[in-house]
Every structure is written in C-alpha cells, then in structure tokens.
Amino acid sequence: MPILFDEKQKLFLLNTKNTTYAFAVAERGFLTHLHYGPKIADCDVAAMRRPFCKSFSPTLDNIDSRDTALAECACFGSGDFRTPSILVRQSDGHAVLKLTYKNHFIRKGKVKIPGLPASFAPEADVETLEMILVDEKCRLECVLLYSVFADSDVIARSAIVRNRGGEALRIEKLASCLLDVGWEIEKFDLVSFPGSWARERRFRRTPLSDGVHTLASACGITSHRMNPAFCVCSREATEEHGRVYGMALLYSGDFASEIELDPFGSIRMTTGINPACFAWELQSGEEFHAPEALMIVTDGGFGDMSRSMHDFIRAHVMRSPWKSRPRPVLVNNWEATYFDFNGEKLLALAKSASELGVEMLVLDDGWFGKRDNDRCALGDWVENTRKLQGGLSLLSKELQKLGMKLGLWFEPEMISEDSDLFRAHPDWCLQIPGREKLMGRRQFVLDMGREEVVEHLFERMRAILDAAEIAYVKWDCNRYLTEVGSAVLPPERQMEASHRFVLGTYRLHELLLERYPELLIEGCAGGGGRFDAGMLHYVPQIWCSDDTDALERLSIQYGTSFFHPCSSMGAHVSACPNHQTGRTISFSTRGIVALAGTFGYELDMTKLSEAERTEAREQIALYRKVHPIVLEGDLYRLTSPECDPIVAWQNVSKDRKSFVVSWVIPHCTPQQTALRIRLRGLDPERVYADWKTGERFRGDFLMNFGLIHELRDRAGDGAGVIRVFDSAE
Ligand code: GLA
C-alpha cells in the first residue's frame, strides 16, 4: 500500500518507489509536514516535530505556532506569516481561515479534475489520499488530494474548495500544491526557466535568498516569459548528484509559483493559478477545483529528476496515441513561403520534399478567409479557394499521390478586427466596456469562457477537418490576453474570465480529441509560449520556439528538457542565414539539433543544393534509426550550453541496448586539441558498436574514458557530431 495511515500517531506516509512524503495531524487538528525525501520506513512523529520559536510567533496555548511549523496547507491571517496557499473572502469581508482536520479517505485510482488536465493511471496502479480540512466558522471545506503511482516517484497534488455554508464565498487564492522543507543545513538554489518570444525557457540557477520569489505569468497563457515548472536544489546539486525538488503545474494560463526562504531557514514552495489575475465566486453548495501540480524529490541530481518527469508525463499525462508512435517527418511551409503561396507552390515544395523521404506537408498560416497578411481574417475558418484552387480536399489528394499527408494550421482562440466573425459577433472577444482593446499581432482574443464561442469554433474546425484528409493540426496562439473581461459575466465574476478562457480552450481540445482521437496535434503559441505539462495532456508535441537557429535552439531545448520529454519538443531544420538571428550554421548541425526532438523541415526544399538534398536523405534515414530512442528512451544532458564549451546530450533506450549521442561546439576556438565526452546510463559490461562505422567500445570505457572530439582550427561555429550505437551482442 503506497499510502499508509498510522492511527496512533495520526501519521500519513506516502511511499513512492524511492521516496517518502510524511505528515501528521497535530494539536488542534492542524496538519504538520514532517518529511519529503528518500524513503524512510517509519516515522516517529514526536521526534520530527519542529520546536517552535517563541518570540513574535503567536500561539493559542504556547504549545505550537503556525509561524514556524511546516504545513500542508497555509491559511492567510491565522499565524502563519509565510505565503498562504489559500485565501477566501467571506461574507463578513474577512479572509482569515483556520483549516483543521475533518476526515480523510484513501482510495484506489485517481480522480479526474472537471474541465482541467490531470494525470491518470489504471486503478490498480495509483492510490489517492483525499484529506478533508474544515473551517468551522464559515463552513468551508478544503480538500487536499495526493496521488501516488506504483511506477513513479512523482506525486500528483491538487486542491478543492467546497462551500458548505449558507453564504457565498470568494476564492482569491488557491494553490494547487504547497511543500515546506525545513531545517536543512545546506544552502539551496532556485532553478527557473524564464525567457521571451524566440528565447524560451533559458535555464537560470540563482542562490535562493531570503523572502518570496515569484515565478509567474499574467499573460493569460503560460507565456514565453516564465515556465510553470521550477526546481529548488542543494547548492551542490549537479546533473548526476544532489538533492533536487521539482514542481510543475498542469495549467496553461496565468500561474504563480512562489518560493519563500523564511527567517528560520525553511523553504516554502507553492504553485497554482496566479492570484493576481483571479478570483472565483463560490455559491453555497458549490465547489472549485484547482489545477493539478506534480512534485518530485531526488538525491540523484537534475538528470534523475528530468528522467522521472519525462517517464511520468509520457505514461500518465499525455493521452494522445501518438505519444509512443514515430512522428511523421514533415515540411512546414511557414519559413518557406510565409503568406505568399498557392496550390502550385505548395505542391512543388511537397514534391521536392517527398523525394527525400518527407511524409507530411504542414500548411501553415494563410490558407483561410482573406488572409494574405497578419492583419485580417482570424476567425474566418473557411478555405481560401483563390489561393488553393480545388481547396484543401484537392491538395490532400495531390499529396496522397506523392505518398504524403496534409497538416493544417489553426489559431482558434483569436479573432481579427477585419474578419467576418468580428463583424458578426463583436462581443465575442475579451473586452472591458469603456476601455480600448489593445492589439497584439494585430488581433484580438476570443472569450473562450463562452460556450457558444467554443461550439462555433468546434463546428468550424470540424467542417474543415471533415472536408479533407487532414492528419495533423498545428494549434497556434499568437498573443497574450489584455482587457480580460467578458461581455456575459456579472461584475463580481469578471476576475473569473482568465481562468474561464483556459477552461474553454481545454474544452475545445476535449471536443477535438473526442471526435478525432487519431489526429496528431502540435501545440504552439508564437513558438513555445504555451509549453507546459497541462497542454501535453491534450497534445503530444509543442513547437519549441520560433527561433530555429540551431545554436539558440541548444539553450531552448536544454531548458525545455528539464521537465518535458524530448518527444514533446517540436524541432525543425530551417534555412540559413537563419530568419531570426541571421546566422549560418551547417545543414548537418541543424539536422543534429532538430533530431533531438520531433523532426522536420521548415524551408524551401525546392531550393536545396544537390549536396543538401543528399544530406537531407541521410538525415531522414538517421531520424528513423534515432527517433524511437528519442521518443521513449532516457535523456542524459552530458554538458550545459550555459557554461560548457561543448553541448552534448545522449538518449539511451530503456533496455540500454542502443543509444544516440550528439554534440555541438557552438564557438570554434583555435589552437585547442581535443575534448573528451564521457557518456552515461550505459550497461558497463555491454559492447556497443557504432551503427555506421562498426567501431566497438565497452560501456565502462564509454562512461569512464569517453569519446574524443578532435578540435580543428577553422572548423567554424557550430560544428556537430551525432553517433548511434547498438549492442554488439
Ligand atoms: C506563430 C508560429 C509560427 C507560425 C506563425 C504563423 O508565430 O509560432 O510557427 O505558425 O505563427 O502566423
């Protein structure tokens, strides 16, 4: 039984494969957190309690103080001065709560969260603790949910607030997860993944200093600016060793993760919907569900944390049948043509791509309404037969003759002012009466919280998807939300509009998945502006960034890989000079970097030289060999693009019989001789043979001595190598 309750000590033990999470019901019914770390078989609650600090820590009876105790749930205004996990305004205007133990249930299986993404597993493989706390005064119940999975160290958490009283309540904050870590002698660092458009998820590690550090999005979507996943790690932690706590939120809207180092040396981590952009009216008898969060702890460094997260997301978060299927090699016409295409041009592109082994043409922005530029027509999801004579149906048939499939771009949540949809329904976009609406990429945002908007979009997408053979959809979202108000919500509910937007977006995903379970959907938001574990519940891959420069991508893919599996990272070979940076990197290295994720091309393949065409053929052959390992294997980040002269990574098949190792030298420095790349995760006694050259090495040699990369003068920036090995026995 992974979840144990010791009645005598009122102790809860949550045992994952390698870790224990422990807490107890303390005096007066408060929950006290005791331990989260490597497994301990039993806990002595009396020996684990934190002595409380007397001065300035208010208590009722001098026994206990919320101020210094480690918590599972922290209320605003009742003696815990750290960041609260729950704040609920009551009819008397106060927001102070005292949540104490009421009862609990331990159940097989995992509950779904209405309208929100949630992890899942067969009932026999997961157990859930439902901890019910109550505030006697306003008769609010707060349910803390903890799910423990048989095959993972990840624990899923979420929270529910139930209004059992007679008066309406206003939820102003409800964190999905709170984790307190106390009394450590070590110093800790905070690892976050900030960025911007074309510069997403840069790895940042800073000493955790006193006070509250907020990692947040107030953009209405996950955003490029910050990712809803972070680590707190020991200052000594490396890829392979050391304590790392990881937390990721399954949510694609405004989020806030707060990490607080308190004056007594304990660390509080919370994550959930961003309270700055949110409030929710809860009538008597209603309940509200917070999104789910995932947490993990390991002493095996960042690498171990990432591999556990990748396994968990692939097995328990992603639903698409595509998660374990090889993805088709695609060519996307965006950087090849932008808006300037017609059927003939597309077929010429497809033909030259199909000759090299490309399997799908993705028709990007510009195929609908009057859309010849980004100023108009979003919302008018009707084929433009002026550009595409014969429409999508003919195009898909022509592609089939070439042995190719058709993929199609949509941007469902957006609306152009110059569109038939806007002219028909000006009130369908987010807006606040009396305030100007800001434009973002010359477009407005639909009020996805409205059922009729979601239904309309589903009908339009269905009409398109049913009229032609479409195997793939790229779902884009090219601006952040402003003036987030809804024409149909009363004033006291306007702060719900942003969360309702997210719920509506998820609802549209649900409708599409129900109707087209086999459809391969790639998420996108101006590149990687909505790359989060919540979105991966609906789509198995997400376009990592609009920055396709191979060297920039090393950092973007490195940061992304901390929490998200390689199989989820959309990566393409694009043209040089690169459209974002102007840099030229060899065709070969562009391929090596794209092979680290899902693979495809985003350039005019009719313009490739003969040498490049030969290389592309080889890349695609290599992709077929490498992709199964990247899709389902273990990732080892061998070096870091942030501080090492060589960026190396390795994917190892689960049976440790095959692996692929790649490296890139971003900047050529003359007069150096060689670098040694030590591999990881291999079977030390197994002999591995290079797929191409037949060269043989034992696993222990590769891990302890390594492979040598000779550094040549004048090699240019971005020289790269990829090698695949299989078991020789
Ligand atoms: C976003 C995407 C691009 C492309 C354009 C089309 O920026 O990230 O890949 O689809 O939109 O407008």
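Our subject is the structure that appears above.
**Re the environment of Ser266**
Argument step 1. Among the secondary structure elements, Ser266 is positioned in the loop between strand S16 (255-261) and strand S17 (267-273).
Argument step 2. The class of Ser266 is buried, set by a relative accessible area of 1%.
Argument step 3. Each C-alpha atom, one on Ser266 and one on Ala237, is 18 Å from the other, the two residues being 29 residues apart in sequence.
Argument step 4. Setting aside chain neighbours within four positions, we find Ser266 in contact with Arg50, Leu70, Arg82, Val181, Gly182, Glu260 and Leu261.

**Observations regarding the pairing of strand S11 (residues 188-192)**
For a regular strand, the rule is simple: side chains alternate between the two faces of the sheet.
Argument step 1. Of all five residues that make up S11, five are buried, and the element is covered over most of its length.
Argument step 2. What you see with S11 is no split at all: Phe188, Leu190 and Ser192 on one side and Asp189 and Val191 on the other are buried throughout.
Argument step 3. Both S11 and strand S14 (residues 229-234) contribute to a ladder of four bridges, which runs antiparallel. Bridge assignment links Asp189 to a residue of S14, and that residue is Cys233.
Argument step 4. Taken together, the four bridges between S11 and strand S12 (residues 204-207) define a ladder with antiparallel strand orientation. When the bridges of S12 are listed, Ser192 appears paired with Arg204.

**Points about unusual backbone geometry**
Argument step 1. In this structure, Pro577 follows Cys576 across a cis peptide bond, with omega equal to 0 degrees.
Argument step 2. Along the chain, Pro577 turns up in the loop between strand S29 (569-574) and helix H10 (587-594).
Argument step 3. For Lys10, which is not a glycine, the phi torsion comes out positive at approximately 50 degrees.
Argument step 4. One can find Lys10 in the loop between strand S1 (3-6) and strand S2 (11-15).
Argument step 5. Residue class for Lys10 comes out partly exposed when judged on its relative accessible area of 34%.

**Things to note about the pairing of strand S27 (residues 520-523)**
Argument step 1. Neither face of S27 is left uncovered, since the one carrying Leu520 and Glu522 and the one carrying Ile521 and Gly523 both have all their residues buried.
Argument step 2. Where strand S26 (residues 472-475) and S27 come together, four bridges link them in parallel fashion. Bridge pairing in S27 links Val473 to Ile521.
Argument step 3. For the crossover that starts at S26, traverses helix H8 (residues 497-515) and ends in the parallel S27, the hand is right-handed.
Argument step 4. Here two bridges tie S27 to strand S28 (residues 541-543), and the two strands are oriented parallel to one another. Note on S28: the bridge partner recorded for Gly523 is Ile542.

**Some points on the pattern of salt bridges**
Argument step 1. A full pass over the atoms with the stated rule returns 60 salt bridges.
Argument step 2. Between Arg82 and Asp180 there is a salt bridge, and its shortest N-O distance comes to 3.6 Å. With Arg82 in the loop between helix H1 (45-48) and strand S5 (86-89) and Asp180 in strand S10 (residues 169-181), the pair connects residues that are 98 residues apart, well separated along the chain.
Argument step 3. Between Asp189 and Arg205 there is a salt bridge; the shortest N-O distance is 2.8 Å. In this pair, Asp189 is assigned in strand S11 and Arg205 in strand S12, connecting sequence segments 16 residues apart.
Argument step 4. Residue Asp189 is classed as buried on the basis of its relative accessible area of 6%.
Argument step 5. You can call Arg205 partly exposed: its relative accessible area is 28%.
Argument step 6. Where salt bridges share partners, they join Asp80, Arg82, Asp180, Asp262 and Arg268 into one cluster.

**Considerations on helix H5 (residues 391-401)**
Argument step 1. Within H5, burial applies to Gly391, Leu392, Leu395, Ser396 and Leu399. Viewed along the axis of H5, the buried residues span an arc of 160 degrees, placing them on a single side of the element.
Argument step 2. The secondary structure elements touched by the buried residues of H5 are helix H4 (343-354), strand S22 (360-363), strand S23 (405-410) and helix H7 (451-467).
Argument step 3. Phi for Gly403, located one or two positions after H5, is positive at around 80 degrees.

**Focus on the environment of Glu186**
Argument step 1. Inspection of the secondary structure assignment puts Glu186 in the loop between S10 and S11.
Argument step 2. A relative accessible area of 35% places Glu186 in the partly exposed class.
Argument step 3. In this structure the side chain of Glu186 is engaged in a polar contact, spanning 2.9 Å, whose partner is the side chain of Ser234.

**Some points on a nonpolar patch on the surface**
Argument step 1. A contiguous nonpolar surface patch, about 280 Å² in accessible area, is contributed by Met1, Leu4 and Ile106.
Argument step 2. Following the sequence through the fold, Leu4 ends up in strand S1.
Argument step 3. The exposure class of Leu4 is partly exposed, given its relative accessible area of 35%.

**What about the site of the ligand?**
Argument step 1. Within the structure, the ligand sits among 13 residues, and Asp364, Asp365, Arg441, Lys474 and Asp546 are positioned closest to it.
Argument step 2. Within the side chain of Asn478, an N or O atom sits 3.0 Å from an oxygen atom of the ligand.
Argument step 3. Residue Asp546 places a side-chain N or O atom 2.5 Å away from an oxygen atom belonging to the ligand.
Argument step 4. Computed on the free molecule, the ligand has an accessible area of 310 Å², of which 96% lies beneath the protein chains in the complex.
Argument step 5. Residues that form the shell around the ligand fall into these classes: four nonpolar, three polar and six charged.

Cut-offs and rules
- Residues numbered from 1 in each chain as written.
- Predicted model: local features only at pLDDT ≥ 70, side-chain atom pairs only at ≥ 80, totals over all residues.
- Heavy atoms only, no water.
- Helix = DSSP H or I, 4+ residues; strand = E, 2+ residues; numbered from the N terminus.
- Buried < 20%, exposed > 50% of the residue type's maximum accessible area, 1.4 Å probe, protein only.
- Contact = heavy atoms within 4.5 Å.
- Pairing = 2+ DSSP bridges.
- Right-handed = clockwise from strand over helix to strand, strands pointing away.
- Salt bridge = Lys/Arg side-chain N within 4 Å of Asp/Glu carboxyl O.
- Arc of directions from axis to C-beta.
- Polar contact = N/O pair within 3.5 Å; in protein donor to acceptor, adjacent residues only side chain to side chain.
- Patch = residues over 30% accessible without salt bridge, like charges linked within 9 Å, V, L, I, M, F, W, Y side chains within 5 Å.
- Areas by Shrake-Rupley, 256 points an atom, 1.4 Å probe, with all protein chains shown as cover.
- Near = heavy atom within 4 Å.
- Nonpolar A, V, L, I, M, F, W, Y, C, P; charged D, E, K, R; others polar.

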